[in-house]
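# Structural description and commentary
This is what each chain is made of:
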Amino acid sequence: MVHGGADTSSAPQFCEVLREASLAGHRALVAGLLDAAEEAVKILEGSPLFNAGYGSVLNRDGEVEMDASIMEGTTGKFGAVAAIRSVSHPVSVARLVLEETPHVLLAGRGATEFARTRGFPPVDSRSSRMVEAWQRARDRAKQGLSPETSLFTGLPPDSSSPCDTVGCVVFHAGRVAAASSTGGSFMKAPGRVGDTPIPGAGIYASSSCAAACTGLGEAFIETLTAKYVDSLVELGIHPQEAAEKAIIRLAEKRGGAVGGIIVVDSRGRFGAAHNSRSFPVALVADGKLDESFIPRKIN
Ligand code: ASP
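Residues numbered from 1 in each chain as written. Predicted model: local features only at pLDDT ≥ 70, side-chain atom pairs only at ≥ 80, totals over all residues. Heavy atoms only, no water.

Where helix α3 (residues 90-100) contacts helix α4 (residues 108-117), the two axes come as close as 10 Å, and the packing angle between them is 85°. Considering the angle they form, α3 stands roughly perpendicular to α4. Judged by residue contacts, Val 93, Leu 96 and Val 97 of α3 engage Ala 111, Phe 114 and Ala 115 from α4. Classifying every residue of the contact of α3 with α4 gives six nonpolar, no polar and no charged. (Axes fitted to C-alpha atoms, helices over the stretch in contact; angles between N-to-C directions. Helix = DSSP H or I, 4+ residues; strand = E, 2+ residues; numbered from the N terminus. Parallel < 35°, antiparallel > 145°, perpendicular 65-115°, else oblique. Contact = heavy atoms within 4.5 Å. Nonpolar A, V, L, I, M, F, W, Y, C, P; charged D, E, K, R; others polar.)

This paragraph deals with the site of the ligand. Residues in close proximity to the ligand total 11 residues, the closest being Asp 164, Thr 165, Asp 195, Thr 214 and Gly 215. Residue Thr 214 places a side-chain N or O atom 2.7 Å away from an oxygen atom belonging to the ligand. Within the backbone of Gly 217, a nitrogen or oxygen atom sits 3.0 Å from an oxygen atom of the ligand. Relative to its unbound accessible area of 270 Å², the ligand is 100% covered by the protein chains. Class assignment of the residues belonging to the shell around the ligand gives a composition of one nonpolar, seven polar and three charged. (Near = heavy atom within 4 Å. Polar contact = N/O pair within 3.5 Å; in protein donor to acceptor, adjacent residues only side chain to side chain. Areas by Shrake-Rupley, 256 points an atom, 1.4 Å probe, with all protein chains shown as cover.)

Moving on: the sheet that holds strand β3 (residues 78-84). Ordered in space as β4-β3-β2-β6-β5-β1-β11, the seven strands form an open sheet in which the pairing is mixed. Every interior strand has two partners, whereas the edge strands, β4 (105-107) and β11 (281-282), have only one. Direction of pairing for strand β5 (residues 166-172) relative to strand β6 (residues 175-182): antiparallel, over a ladder of seven bridges. Note on β6: the bridge partner recorded for Val 166 is Ser 181. Relative to the sheet, α3 contacts β2 (66-72), β3, β4 and β6, its axis offset from that of β3 by approximately 135°. (Pairing = 2+ DSSP bridges.)

Shown next, in the form of structure tokens:
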């Protein structure tokens, strides 16, 4: 299952890319769980429609700084990058952190330099609509006005095509994995890191389940929401119920914080819930797109 982020539009062009990503992930499953998770997220990072990779929101200085992570349930292995700049696929760099370093998280200049040593060329991740959104927000700030945009999407709340963080959970033969990638929150302070590269906060995978989250990163970090979902599933609670409980708890603990979660457990049961306006997902089960599944909206 892949998600396109809290508040992301469910318009056909977004759902089309999500479906493409879930199918690409499924095809990559023959190589392994991490391949599936990485491939799905790479498709979404490559699209200007989502707040990840190309299409990321801009920070206060008009720069893109991205967070990404990947985690395998059975081994508990985790890799992440935070505040990385100028790479096309942060999730792939996160995977190399997992596989080729003794570390779990590389941040800032070190993360970008690590990517260069692994052959990732410098790229400009600023899409034209994000540059325009940033310019509008900066002009409003000069007049002492707030940005009038969604924190997650960088676009006006009534925009017909908002976009956000992406994530993926994968199940195969009793094992699970998760991956996630984001440009973070719009107009964030340079150096700000959200929940996406923090295990237990915005992502988690164990022998019980895999979870990927989107929404107000600070709230997900302080409530360790992904780990909370994992604890519920470990107790035998269905992933759908776990996702719903986690969203309710997040909003209760953090003054109405907004977000979405996708979960799959090691029995292949899945769930998704959100309290954002929208939360598009795509699901491939048994090799086929399942278009009947809709994440539960918690009011
Ligand atoms: N959780 C991400 C962050 O705070 C943003 C999002 O998912 O909307 O960086």
